[in-house]
Amino acid sequence: MRDHYRYLIVGAGMAGDAAAHGIRERDPDGTIGVIGREPTAPVTRPALSKKLWTDPEFTEDQIWLPTADTGADLILGTSVTAIDRDAGTVTTDTGAVIGYDRLLLATSGHPTPLGLPESGRVLYYRTYRDYERLRELSGQGRHVVVVGGGYIGTELAAALVQNDTRVTLVFPDEVLTASTFPAALAERVERRFTEAGVELLPGARVSGGESTADGVRVELEDGRVIEADAAVIGTGITVETGLAEAAGLTLGDSGIRVDDQLRSSDERIWVAGDAAEYPDRILGRRRVEHVDHAQESGTVAGRNLAGAGEPYTHTPYYYSDLFELGYEAVGALDSSLATVEDWTTPFEEGVVYYLAEDGSGVAGVLLWNVWDATDAARRVIAEQTDVSADALRGLIG
Ligand SMILES: Cc1cc2nc3c(=O)[nH]c(=O)nc-3n(C[C@H](O)[C@H](O)[C@H](O)COP(=O)(O)OP(=O)(O)OC[C@H]3O[C@@H](n4cnc5c(N)ncnc54)[C@H](O)[C@@H]3O)c2cc1C
């Protein structure tokens, strides 16, 4: 570890990895330091809830990102605790003070705690270490409570039930995925989980609970108690804004505010990935917690640290896989919006258009088992003004 880097990246995750590669596209020699709280190298996070559980051909050595190939120093198991913008330094929890010329914050967020405290049997699922531990706690007919009906909760429930684990899935919607998908599709998805043997507890929220010597007690708001071998929680993150705020950087409504080049209110500091609240060219100012954005914004931020001065013009897509069902999407998937459904085969393959509240266009596009169509989805969101069913049906797919 040096005491000064030309480029210093805080956060050894997916955006941090992409940024190190982005820097190298423009500057073959400048020193790069990557400081990460996790003890392990940057990892392809989607594999932690999908392929590592569901694809027998996929092995653990495929999850590691090649950050070290850039020549960056990886300073792992280390948290940055403060930024001194005047001095151009960061301080770490080991007491080190490290200087930078250009700084990137790629710190994402930490899981938002519920009333159920984290322990060796209660995992707030995000990291490779969480994956290792969940492997130990699952299988052989053990019982795991999965909390959260979003993409991490649903993916983990599907992964575990396919790996000899009894699964209880606790989620607030009345029908699984009903706040995301139109009603009939959500019912189809829910049925797939029931058929697979997942026990569903809809309309339920965790209020508390505790770990015991050999299991967990999960308490629900309605008074029910579930006893199991372990609990795994995928209910979302709180963005790491504390460092930025303490350093006096401007925050947005949902993250660290950046301009169209991903630069913060300090001209030597950029932000990428989950933590950045950026002006999306098509969708407007927002924060996005998805891989495509982490990689693309990380790459552009890295190039900009190295002087490119280019805008971030990519509108990200995202994806999920549940059993044999899979989708990609762009924009808002919010079932409270009016939708136009265009099924090639009902609930097997098709496109759902989510209409903007004011009826002026399309706010989001769901591509259900429809592939290679994210550019078309972006085009529809950017350009389509006639949102009648006749006009939308057949546009994609
Ligand atoms: C299990 C799982 C499955 C997912 N599946 C999908 C998927 O299928 N599709 C999809 O589009 N997205 C998926 N995502 C989301 C996607 O992985 C994230 O959006 C992406 O990783 C964001 O990249 P990032 O670099 O901003 O954050 P991360 O990859 O989370 O990296 C941030 C890193 O910064 C570190 N850090 C934070 N604060 C500090 C500090 N002060 N000092 C040092 N280090 C710090 C954190 O410990 C972390 O390692 C998934 C996420 C998870 C957890």
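Residues numbered from 1 in each chain as written. Predicted model: local features only at pLDDT ≥ 70, side-chain atom pairs only at ≥ 80, totals over all residues. Heavy atoms only, no water.

*Asks:* So what exactly am I meant to see when it comes to the nonpolar core here?
*Replies:* Soluble globular proteins tend to pack their nonpolar side chains together in the buried interior. Ranked by internal contacts, the top residues of the largest apolar core, which has 50 residues, are Ile 83, Val 90, Leu 103, Leu 104 and Leu 105. Beyond its immediate stretch of four places on either side in the chain, Leu 103 contacts Leu 8, Val 10, Ile 83, Val 90, Arg 268, Ile 269, Trp 270 and Leu 305. One finds Leu 52, Tyr 131, Tyr 327 and Leu 366 within the second-largest nonpolar core, a separate group that totals 49 residues. (Core = buried A, V, L, I, M, F, W, Y, C linked by side-chain atoms within 4.5 Å. Buried < 20%, exposed > 50% of the residue type's maximum accessible area, 1.4 Å probe, protein only. Contact = heavy atoms within 4.5 Å.)

*Asks:* Explain helix α5 (residues 151–161) here, please?
*Replies:* Structurally, the α-helix is built with 3.6 residues per turn, so residues lying three or four positions apart point the same way. A large share of α5 lies buried, amounting to 9 of its 11 residues. Those residues of α5 that fall on the buried side of the exposure criterion are Gly 153, Thr 154, Glu 155, Leu 156, Ala 157, Ala 158, Ala 159, Leu 160 and Val 161. (Helix = DSSP H or I, 4+ residues; strand = E, 2+ residues; numbered from the N terminus.)

*Asks:* Is there a simple way to think about the site of the ligand in this case?
*Replies:* Near the ligand there are 33 residues, and of these Ala 15, Glu 38, Lys 50, Val 80 and Asp 274 occur at the shortest range. Between an oxygen atom of the ligand and a main-chain N or O atom of Val 291, the distance comes to 3.0 Å. Look at the ligand: alone it shows 1000 Å² of surface, and the protein chains cover 97% of it. Mapped onto the shell around the ligand, the elements with two or more residues apiece are α1 (14–26), α2 (46–49), α5, α8 (291–305) and β21 (317–322). It is α5 that contributes the most residues to the shell around the ligand, 3 residues altogether. Its residues placed into classes, the shell around the ligand shows 15 nonpolar, 10 polar and 8 charged. Among the domains, domain 1 (4–108 + 240–305) and domain 2 (113–233) are the pair contributing at least three residues each to the shell around the ligand. (Near = heavy atom within 4 Å. Polar contact = N/O pair within 3.5 Å; in protein donor to acceptor, adjacent residues only side chain to side chain. Areas by Shrake-Rupley, 256 points an atom, 1.4 Å probe, with all protein chains shown as cover. Nonpolar A, V, L, I, M, F, W, Y, C, P; charged D, E, K, R; others polar. Domains from an automatic or database assignment.)

*Asks:* Could you clarify how one ought to interpret the sheet that holds strand β23 (residues 339–345) in this entry?
*Replies:* Two modes of strand pairing occur in sheets, parallel and antiparallel, and in both the strands are linked by backbone hydrogen bonds. Judged by pairing direction, the sheet is antiparallel, and its 5 strands sit side by side in the order β21-β22-β25-β24-β23 without closing on themselves. One side of each edge strand has no neighbouring strand; the edge strands of this open sheet are β21 and β23. Going across the sheet, the axis of each strand differs from the next one's by a mean of 15°, ignoring polarity. Packing against the sheet, helix α9 (residues 374–383) makes contact with β21, β22 (325–331), β24 (349–355) and β25 (362–368), and its axis sits at approximately 160° to β25. (Pairing = 2+ DSSP bridges. Axes fitted to C-alpha atoms, helices over the stretch in contact; angles between N-to-C directions.)

*Asks:* Looking at this structure, how should I read unusual backbone geometry?
*Replies:* Leaving glycine out, the prevailing phi sign among residues is negative, and the prevailing peptide bond configuration is trans. In this structure, Gln 140 takes a positive phi of about 50° despite not being glycine. If you trace the backbone, Gln 140 turns up in the loop between α4 (128–137) and β9 (143–147). Among the residues examined, Gln 140 registers a relative accessible area of 67% and is labelled exposed. Positive phi, normally seen in glycine, also occurs at Phe 323, with a value near 50°. One can find Phe 323 in the loop between β21 and β22. We classify Phe 323 as buried; its relative accessible area is 16%.

*Asks:* Please explain the pairing of β25 as it appears in this structure.
*Replies:* Two faces, one strand: in a regular strand the side chains alternate between the faces of the sheet. For β25, a buried count of 7 out of 7 residues is recorded, marking the element as mostly surrounded by other parts of the structure. Of the pairings in the sheet, the one linking β22 to β25 comprises 5 bridges and is antiparallel in character. If you follow Glu 328 over to β25, its bridge partner there is Leu 367. Pairing between β24 and β25: 6 bridges, direction antiparallel. Bridging from a neighbouring strand, Gly 350 pairs with Trp 368 of β25. What sits between β24 and β25 in their antiparallel hairpin is a turn of 6 residues, with Gly 359 showing a positive phi close to 75°.

*Asks:* Please clarify how the pattern of salt bridges should be interpreted in this entry.
*Replies:* Two side chains carrying opposite charge are able to pair once their charged atoms lie near each other. One pass over the structure, following the stated rule, counts 23 salt bridges. Between Glu 240 and Arg 37 there is a salt bridge, with its nearest N and O atoms 3.2 Å apart. Note that Glu 240 is positioned in the loop between β16 (237–239) and α7 (242–246) and Arg 37 in the loop between β2 (32–35) and α2, a separation of 203 residues in sequence. A relative accessible area of 18% places Glu 240 in the buried class. Arg 37 gets classed as exposed once you look at its relative accessible area, which sits at 53%. Between Lys 50 and Glu 155 there is a salt bridge, and its shortest N-O distance comes to 2.7 Å. (Salt bridge = Lys/Arg side-chain N within 4 Å of Asp/Glu carboxyl O.)

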